[in-house]
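Here is how the chains run, residue by residue.
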Amino acid sequence: MLTTTEKIIFVILALSTGALAVRNFGMVFRIVLRGEPDLQWNQLPLRMWNALVVFLSQRTVLKTRVGTSVVHAFVAWGFTYYFLVNAADTLQGFIPGFHFLGDTLAGGIYRLLADGLTVAVLGGVAYFLARRFLLRDAALVLSKRSLVRPDAAAGIRRDSLIVGVFILFHVGFRLLGVSFEIAQRTPDAWQPFASTLAAAFRGLDSGTLLTLQHIAWWLALGLILFFLPYFPYSKHLHLMAAPVNYLLRPQRAALGALPRLDFEDSTREKFGVERIEDLGQKHVLDAFACVMCNRCQDVCPAFVTGKELSPSALEVNKRYLLRTEMAALASGAPSSTPLLGHAISESALWACTACGACVEVCPVGDEPMFDILQMRRHEVLTSARFPDKLLGAFNGIERQGNPWQLASKRSEWYDGLGVPTVEENPAFEVLYWVGCAASFDPRAREVARAFVKLMQSAKVNFAVLGNREKCTGDMARRAGNEYLFSEMATANIGTLQNAGVRKIVATCPHCLHTLGAEYPDFGGRFEVVHHTTFLNELLQAGRLQLDPAHSNGTVTFHDPCYLGRHNGIYNDPREALRSNNIELLELPRSGRNSFCCGAGGAQMWKEEEPGTEGINNNRFAEVQASGASTLAVGCPFCMQMLGDANRAAGNTVQVRDVAEILADGLRP
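Described in the following lines is the structure provided in the data block. (Residues numbered from 1 in each chain as written. Predicted model: local features only at pLDDT ≥ 70, side-chain atom pairs only at ≥ 80, totals over all residues. Heavy atoms only, no water.)

1. Considering the overall build of the chain
For the chain, the helix and strand inventory stands at 27 helices and eight strands. Along the first, second and third principal axes, the C-alpha atoms of the chain reach 100 × 60 × 45 Å. Looking at the 668 residues of the chain, the share that counts as buried comes to 59%. For the chain, the proportion of contacts with a sequence separation of at least 24, taken over those separated by at least 6, is 81%. Put simply, the chain shows about 26800 Å² of open surface, and 59% of that area lies on carbon and sulfur atoms. The averaged location of the 62 negative side-chain charges in the chain is 3 Å from the averaged location of its 63 positive side-chain charges. (Helix = DSSP H or I, 4+ residues; strand = E, 2+ residues; numbered from the N terminus. Buried < 20%, exposed > 50% of the residue type's maximum accessible area, 1.4 Å probe, protein only. Contact = heavy atoms within 4.5 Å. Areas by Shrake-Rupley, 256 points an atom, 1.4 Å probe, with all protein chains shown as cover. Lys, Arg positive; Asp, Glu negative; His and termini not counted. Charge placed at Lys NZ, Arg CZ, Asp CG, Glu CD.)

If you want it as structure tokens, here you go:
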């Protein structure tokens, strides 16, 4: 189709802009390579398959905003298909008489898909542009209370407009070019949309149609040549970065399992993350993959309750920081800008509850929670800056073995209950890891007693460590004090191994997570189960007999973040409750979409950052609206936070642990 002159011009343009694009993509590649790698080669095939499935199925996009997500899915599928379409159109322009796959059935299907997806992309992009620029959807706006770089605030709209107009013009002129071609012959049944449009041009002579076809071809494919060098700087890079992001995503034992720091590494000058190049490869790539959809801030407990933290703003700020310093960072120079104060504020850094909601909801696999926890490590370990209230908890763990800073014995709660220690029952089958809350908090002690009552009723051969048990170090790790955590982990693992422990049951999801998902990095490999899972197993095995006449009325269950989202346990507590003749009501935000109680991420041990309301009050309002008479929980921190909210609301419901509810229903 093209003349010789056109072919020469196209090749020259392609080589010129291609060279610029290679340089710019190369800078992105080198910047990502500066991060800490986490790709084990034996996991590569599985990761590649997962990345492909996620990209093609768009399942992560379809989690929320279903209508908009369906539109986005068709745009993504269409633009992906256009890699083939553009290659075929280029060949058609250079090879006289060439038609990809010809008039075969395969060729017809190819043209039908191209025709349909072209219209889907045009409609979808028009919708997205209207949503951002005409309707000004609030969901796409970063809050003014969050730290947003000035270049990011202006750049998001500009970049969205450039990308949107490029796609409209690229795909639109391709549709026009096909229509001009069809207008020169009979309509193509495999291309109904292009054939319909071609009817409008049938009055033009063949010479004019051929000229218009050339112009449309140049505008459709020429736009790609001019856009390619800009591609690495634009948000459109997420099209390529997102699948790679899933490829680089570590295979963790649980969603929130943090990587271990090597304190024996003498080459380290600092610990944690201060600047963007300190991040791991995957977390540098997060910034390039971010589509700026703000879904993460929609589900962030801190943001929803009016605090400064926006996970989306963090990733957007990282993106524009990289954009500004791309050449320098690619050459190996350090970033001139620390993340704290430029990508996230101090208040936002300490507002995170480490609930994992941002990680769970992100359609492109970004993990802003890990950036925040790594930055906390730097603040605590390298800069010695952290909220004053955390110092008491740190000292308590270090000196008394618990963040409550209590010197009383851990064994006090089970006096008179006949609970054996591992010394008294060395042939135990299950170790009950009591945890700090059940050892020292009066309300959590009631839960521990109820759980012991159930185990004794089921004749479980169990034991406890008693006064040898220490804090797992969970709050120290979430607060950034990795050194203290590693000390507690090492000590506890030694105690467990010396006691011959194989299976552990815990009433605290934070202990469950730390013991089961994070201690293996320190050599502690044990089977760890949550008490709701353990109780459900006892019920299913018929070892626990409940009174069928006993009723608890209507009950709703609050999914603890570290039981549900972090460790994937949703059904066990519900099945256990239903075994007790309970009418279970579901909260609107439940399961993977559950809302945090506000205690995680070491928030339990510090003042909540300023906002419009407490996270626990926001959650409890949902409980009240459910109409349930009892709120069932499976975590001592959820018990305390939601219990506080209940008392503030006038004790409108009962807040009880699953174990307490089941213990009440035991047959006499």
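2. Let's talk about the sheet that holds strand β4 (residues 527-530)
Strand order in the open sheet formed by four strands is β2-β1-β3-β4, with parallel pairing between adjacent strands. Looking at which strands have only one partner, the edges of the open sheet turn out to be β2 (462-463) and β4. Bridge analysis of strand β1 (residues 430-433) against strand β3 (residues 503-506) gives three bridges, and the strand direction is parallel. Bridging across to β3, L431 finds its partner in I504. Across the sheet, helix α19 (residues 442-457) lies against β1, β2 and β3, angled at about 165 degrees from β1, the strand it touches most. (Pairing = 2+ DSSP bridges. Axes fitted to C-alpha atoms, helices over the stretch in contact; angles between N-to-C directions.)

3. Some remarks on helix α9 (residues 281-289)
Counting buried positions over the nine residues of α9 gives nine, a clear majority of the element. Residues of α9 that are buried: Q281, K282, H283, V284, L285, D286, A287, F288 and A289. For α9, the secondary structure elements touched by its buried residues are α1 (4-33), α8 (238-248), α12 (311-324), α13 (326-330) and α16 (368-382).

4. What about the pattern of salt bridges?
Evaluation of the coordinates by the stated rule reveals 37 salt bridges. Measuring nitrogen to oxygen at the nearest pair gives 2.9 Å for the salt bridge that ties E622 to R589. Placement of the pair is E622 in helix α25 (residues 615-626) and R589 in the loop between β6 (583-585) and α25, with a sequence separation of 33 residues. Given a relative accessible area of 11%, E622 falls into the buried group. (Salt bridge = Lys/Arg side-chain N within 4 Å of Asp/Glu carboxyl O.)

5. Some remarks on the sheet that holds strand β5 (residues 554-557)
As summarised here, the arrangement of the four strands in space is β6-β5-β7-β8, forming an open sheet in which the pairing is parallel. Pairing within the sheet leaves two strands with one partner each, and these edge strands are β6 and β8 (654-657). Put simply, the sheet's adjacent strands are angled 35 degrees from each other on average, direction ignored. With three bridges connecting them, β5 and β6 associate as parallel partners. Of the residues in β6, the one forming a bridge with T554 is E583.

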